[in-house]
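Observations on chain architecture
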Amino acid sequence: MRAEALRSYPLEDVVRALGYRRNPEDGARWRHPESVVSINGFMFYDHLCGGWGAGAVDLVVHRHGCSVPDALAFLSELPDRSRRTAHRPCPPAPSQRQWRAVERYLVDRRGLPPVLIALCRDLGLLYADRQANAVFLRRNAAGEETGAEILPTGGQRSQPHPAGEAAPSPPAPGSFWMSWEPEWPISVIVAKNAIDALSILSLQLVPARRKRCAVISAAAIPPPATVPTWIEAWNPRRIFCAYDATPDGEEAAQRLLRNDNRVVRVRPALDDWNDMLSRDRAGEPMGTDDRRIL
């Protein structure tokens, strides 16, 4: 678990330790005499060298040109992150022993690609807890942990889980989200929950060539009727509302459309995106309302 904790060390602290200085004209960029790095949560991109990656280990390997064990040794010398983040929510403890059961559920029962599940785990965004629940980490726009979204693998619906003995009300801002780009998103797809968010990625509704788009989980049933306020830090130009094609989802989507002129409705042909993914994996037609974002 020590190695996993080091992999999720905040990238802003890592670039400081590597000798970078923040660009005063662009807070997401960090400068070094031989490198200019942009940071978006757990991802980074080097504008001078052209390299990119995800997580603290990749960043150290990129900058120092060293091995993974050497990068872990470097990170282990940095100040103890636990002292700096004591005020943040603490999701349930991970369990390596239960991971296989959670992985089988997500792949076999939910139809999610093993490669995507492995990527989420490697990035520290997904793990199993001691009850064999799937734990999807919630993060704010800066990529800082704010809690977790819990999915019991017995098939029950996921619930937001702000951590700590006394859960804050309202929960800390943030949700489970993923982006393929190191730059901050300029468009956002809002899904009902983490499973639907990963299903949207699996269905290639965010093509690899599409730049700077994040998929986020609303982490609520029924979905909320307003755009999550924490994403305003990204200042997105377009918000794709991908709530369910159920009465609750449609009602919430219509309210959201009325409240924000950046919103575009993207409706699954079936009840939700995971239903569509399951049908796609079975080789069955998904209907005529399955529209891709181009």
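In this report, the structure presented in the accompanying data block is examined. These numbers come from a predicted model, not from an experiment. (Residues numbered from 1 in each chain as written. Predicted model: local features only at pLDDT ≥ 70, side-chain atom pairs only at ≥ 80, totals over all residues. Heavy atoms only, no water.)

On to the packing of helix H6 (residues 99-109) against helix H7 (residues 114-122), then. Interaxial distance between H6 and H7 falls to 10 Å at its minimum, and their mutual angle equals 135°. Accordingly, the angle class assigned to the pair H6 and H7 is oblique. Along this stretch, H6 crosses H7, giving a crossing that reads as right-handed. Residue-level inspection shows Trp99, Glu103, Leu106 and Val107 of H6 in contact with H7, the latter providing Pro114, Ile117 and Arg121. Within the contact of H6 with H7, the residues separate by chemical class into 5 nonpolar, no polar and 2 charged. (Axes fitted to C-alpha atoms, helices over the stretch in contact; angles between N-to-C directions. Helix = DSSP H or I, 4+ residues; strand = E, 2+ residues; numbered from the N terminus. Parallel < 35°, antiparallel > 145°, perpendicular 65-115°, else oblique. Left-handed = near helix turned anticlockwise from the far one by under 90°. Contact = heavy atoms within 4.5 Å. Nonpolar A, V, L, I, M, F, W, Y, C, P; charged D, E, K, R; others polar.)

To continue, consider the side chain of Arg262. Its location among the elements puts Arg262 in the loop between helix H9 (247-259) and strand S14 (263-265). A distance of 2.7 Å separates the side chain of Arg262 from the side chain of Glu232, its partner in a polar contact. (Polar contact = N/O pair within 3.5 Å; in protein donor to acceptor, adjacent residues only side chain to side chain.)

This part covers the sheet that holds strand S12 (residues 213-217). Ordered by their spatial adjacency, 5 strands build an open sheet running S10-S12-S11-S13-S14, and the pairing between neighbours is mixed. The sheet terminates laterally at strand S10 (177-179) and S14, the two strands that pair on one side only. Adjacent strand axes in the sheet meet at a mean angle of 20°, parallel and antiparallel pairs treated alike. As judged from the 3 bridges shared by S10 and S12, these two strands associate in the antiparallel manner. Each residue of the ladder has a partner; that of Met178, found in S12, is Val215. (Pairing = 2+ DSSP bridges.)

This next bit is on the pattern of salt bridges. Pairing is possible between side chains of opposite charge, provided their charged atoms come close. Throughout the structure, instances matching the rule amount to 11 salt bridges. Between Lys192 and Asp244 there is a salt bridge, and its shortest N-O distance comes to 3.0 Å. Of this pair, Lys192 sits in the loop between strand S11 (187-191) and helix H8 (194-202) while Asp244 sits in the loop between strand S13 (238-241) and H9, and the two are 52 residues apart along the sequence. Just as Lys192 is buried, Asp244 falls in that class too. Connected via shared salt-bridge partners are Lys192, Asp244 and Asp272. (Salt bridge = Lys/Arg side-chain N within 4 Å of Asp/Glu carboxyl O. Buried < 20%, exposed > 50% of the residue type's maximum accessible area, 1.4 Å probe, protein only.)

On to H8, then. Think of an α-helix as 3.6 residues a turn; residues three or four steps apart then line up on the same face. Within H8, 9 of the 9 residues are buried, leaving the element largely enclosed by the surrounding structure. For H8, every residue scored as buried is listed here: Ala194, Ile195, Asp196, Ala197, Leu198, Ser199, Ile200, Leu201 and Ser202. Capping of H8 at its N-terminal end is provided by Asn193; its side-chain oxygen lies 3.3 Å from the backbone amide nitrogen of Ile195. Just downstream of H8, Gln204 is the residue with a positive phi angle, here 60°.

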